[in-house]
Amino acid sequence: MPLPLFPSLNKEWHGHAFKRFGSPFTGTPFGRIDFDPIMLSHTAKVFGHTIKDFYTNPELGIALVAHANELYDCLPVSHWFYANVWVRELGAKLVYKELLPPIIEEPIVKEPEDADKIEVLDVDEIAKGPTATEYFKAYDYMKENIPQMLVPIAWAFDVLGNAAGIVGVDKFLLWTIKQPKICHVLLKKATDTSANGAIAIAKRYGSAMLGIGSVLGNTDLLSPAGVKEFSFDYMQKYVRQAIRGGGGPQLFYHLCGNHSRDYQIFKDLILSPLSVLNIGYDGKETFSAGKMKEEFGDKHTIMPSVDTTLMLRGTTMEVYEAAKKQILEGRDSPRGFVMGTACEVPPDTPPSNIFALRKACEDFGTYGTW
Amino acid sequence: MVEKKEILKGLANATIEGDAESCKKFANEALKAKVDAYEGIIGGCAKGMKVVSDRYEKGEMFVPEILLSAEAMYGAINILKPHLKIKAAEMPGTVVIGVIEGDIHDIGKNLARIMLDAAGLKVIDLGRDVPLKEYLDKAKENNADIVAMSTLMTTTMAGLGKVVNMYKEQGVRDKVKIIIGGAPLDQDFADEIGADKWAKDAVEGVVLAKKMTAELRKKRGMTW
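Residues numbered from 1 in each chain as written. Chains lettered and ligands numbered in written order. Predicted model: local features only at pLDDT ≥ 70, side-chain atom pairs only at ≥ 80, totals over all residues. Heavy atoms only, no water.

### Considerations on the confidence of the model for chain B
Part 1 of the argument: Mean pLDDT over chain B works out to 93, with 99% of the residues at or above the 70 mark.
Part 2 of the argument: Two summary scores accompany this predicted model of the complex, namely pTM at 0.92 and ipTM at 0.91. (pLDDT = per-residue confidence, 0-100.)

### Quick look at helix α10 (residues 224-244) of chain A
Spacing of three or four residues puts side chains on the same side of an α-helix, whose turn is 3.6 residues.
Part 1 of the argument: Along its 21 residues, α10 of chain A runs 28 Å from first to last C-alpha, staying within 8% of the 30 Å computed at 1.5 Å per residue.
Part 2 of the argument: In the stretch just after α10 of chain A, G246 of chain A is the one whose phi turns positive, near 110°. (Helix = DSSP H or I, 4+ residues; strand = E, 2+ residues; numbered from the N terminus. Expected span 1.5 Å × (residues − 1).)

### As for the pairing of strand β5 (residues 209-214) of chain A
Residue and element names in this part refer to chain A.
Part 1 of the argument: Within β5, six of the six residues are buried, leaving the element largely enclosed by the surrounding structure.
Part 2 of the argument: Here β5 shows no split at all, with M209, G211 and G213 on one side and L210, I212 and S214 on the other all buried.
Part 3 of the argument: Where strand β4 (residues 153-156) and β5 come together, four bridges link them in parallel fashion. Paired with W155 across the bridge in β5 is G211.
Part 4 of the argument: Crossover connection from β5 via α10 to parallel strand β6 (residues 251-258): handedness right-handed. (Buried < 20%, exposed > 50% of the residue type's maximum accessible area, 1.4 Å probe, protein only. Pairing = 2+ DSSP bridges. Right-handed = clockwise from strand over helix to strand, strands pointing away.)

### Observations regarding the pattern of salt bridges
Think of it this way: side chains of opposite charge can pair up when their charged atoms draw near.
Residues and elements named next belong to chain A.
Part 1 of the argument: Inspection of every chain in the model, using the stated rule, returns 37 salt bridges over all chains.
Part 2 of the argument: When the shortest N-O distance is used, the salt bridge between R20 and D73 registers 3.0 Å. Pair noted here: R20 is in helix α1 (residues 11-26) and D73 is in the loop between α4 (58-72) and β2 (94-95), with a separation of 53 residues, a long-range link.
Part 3 of the argument: Across the pair D114 and K117 runs a salt bridge whose closest N-O atoms are separated by 2.8 Å.
Part 4 of the argument: On the accessibility criterion, D114 (12% relative accessible area) is buried.
Part 5 of the argument: K117 sits in the exposed class, given a relative accessible area of 61%.
Part 6 of the argument: Overlapping salt bridges, with partners in common, bring together R20, R32, D34 and D73 in one network. (Salt bridge = Lys/Arg side-chain N within 4 Å of Asp/Glu carboxyl O.)

### Some remarks on the sheet that holds strand β10 (residues 305-306) of chain A
All names here are of chain A.
Part 1 of the argument: Pairing within the open sheet is parallel, and its three strands lie in the order β1-β11-β10. What marks the edges here is a single partner per strand, and that holds for β1 (34-36) and β10.
Part 2 of the argument: Sheet topology places β10 next to strand β11 (residues 338-341); two bridges connect them, and they run parallel. Across the sheet, S305 pairs through a bridge with G340, a residue of β11.

### Some remarks on the interface of chain B and chain A
Part 1 of the argument: Contacts between the two partners involve 27 residues from chain B, matched on the other side by 26 residues from chain A.
Part 2 of the argument: Taken together, both faces of the contact between chain B and chain A bury some 2,200 Å²; the carbon and sulfur share is 64%.
Part 3 of the argument: Summed over the three residues of chain B that lose the most area to chain A, namely F62, P64 and T155 of chain B, the buried surface amounts to 26% of that side.
Part 4 of the argument: Inspection of the chain B/chain A interface yields four salt bridges.
Part 5 of the argument: Here D186 of chain B ties to R313 of chain A by a salt bridge, and the two come within 3.1 Å at their closest N and O atoms. (Contact = heavy atoms within 4.5 Å. Buried area = accessible area lost by both parts, 1.4 Å probe.)

### Here we look at the pairing of strand β4 (residues 177-181) of chain B
Residue and element names in this part refer to chain B.
Part 1 of the argument: Of all five residues in β4, five are buried; the element is thus mostly enclosed.
Part 2 of the argument: On β4, burial covers both faces: K177, I179 and G181 on one face and I178 and I180 on the other are all buried.
Part 3 of the argument: Here five bridges tie strand β3 (residues 146-150) to β4, and the two strands are oriented parallel to one another. Bridging from a neighbouring strand, S150 pairs with G181 of β4.
Part 4 of the argument: Considered for its hand, the β-α-β crossover made up of β3, helix α7 (residues 157-169) and β4 is right-handed.
Part 5 of the argument: Examined bridge by bridge, β4 and strand β5 (residues 197-199) share three bridges and lie parallel to one another. Of the residues in β5, the one forming a bridge with I179 is K197.
Part 6 of the argument: As a crossover connection, the stretch from β4 through helix α8 (residues 187-193) into β5 is right-handed.

### Focus: the state of the cysteines
Part 1 of the argument: Counted according to the given criterion, the structure contains zero disulfides over all chains.
Part 2 of the argument: This cysteine, C45 of chain B, is not joined by any disulfide, and C23 of chain B carries the nearest cysteine sulfur, 5.3 Å off. (Disulfide = S-S within 2.5 Å.)

Right under this line is the structure:
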């Protein structure tokens, strides 16, 4: 058991933070703009644990994020995840390295005909599988120890990455031209598996916020048409299936990497009243909050980014200025604004740079004076 | 018999189109017509691959198309390579390349390898999650001109500096040029760890590798 890690939750802080967190969705601005640096194993470093500890011990991992959220005064919701989620249910093995999140040991689809051998487990079978077991451990721990910060989340980062991971990324990308039908078979199986996972979480906890991303599906790798065909369409399918099975209604969309040429495609993402959209880059620059407001602000709570390398290697003032620029450009977005980072904040990010994000929110994100 | 000019054009076009069968066909035609194998690779496949990389830079082609072109190109290279008369030391450079220890993300490294091969450099691909010492051992063993290291993860960036230090400690830092690449890196980081250059992408990596090899060989000679 990970406790004791940190003094008990400060209920006064939590009440305030929770009201602030909910304000973009309820249309009643409160306090200041919130921020979420997408912290994962950074929290392990902050509390003296290792990256491996974070990923091999879900209860510890989720508790670390919860306590770090309180420490930094950011979103009062805890989470724990990694990119290659639900791949074990497709037959892959995960390995745990010292400096990385879990990775797929080796491709299991060596030839196109191997795709047919992969089976999609139903919701009850998935609930007994390794991935759901990890999530249940994490969420049960939260339910028992820090229930105020539990929002059960079903992560599917990302179905394209999962399908590609079990083939080998290079080979899968080549198959998008040479064997597109096989790619679709694999994507459908990866999507159905992730959706069944989300439904299993929703059944156990009554709801499951859906976290889905276009991580491998970006225009550094694929054409805009390729992003639509192999990433976007399956994100939609995942969300649709998971919602029909009891998942949602909260949605978190994370568009990782460069989306300069394909962002228009994502205007058709399935919406809910609680939909947050985070975009990483527009070419080499972070996707501007002004452009996000203009293109997506009427549909989603926008979550613009500060560059993750800047978070790691920039000075505190550089981070503060970058966050300030984004906040000033997008803080009046119609459905609200959350200050974010372009991807998971690097584990070795100096805590002062996370505090710089908060300071920018405090100085330029206070509601009522714009 | 098909003429040399037509063969080279055929190899280039087949590479651009990612047409593996045509690439093999023109490679065999090249051998029949006694076209020098190195000229076939450089004047044919590499020219085609240059068009592919230019189109990638402009956003007109994407990674799947590059991989298709590379597959076609390697089909031709495999036919032509056994007939190469050029000695390794006469190649326009030898590059030892790999993803640093602890990291397994190798799309960028694989693209760089393809572009380096296409540019006629000798490439020793160490793969991914490469133990740090291997960058030194393999470079020594192969008289490498360039050591190219990449990482996508911020947690493994420190390994790049350790390799540079290993070269310094062994007194062989001036024997090679060190290029680093990967999303979280930049020239400031390259300067900080004592690497020679940061390449923003695979295309720039090739330009740098060729330029730096020429500079190095002028100063150091052909071998270590």
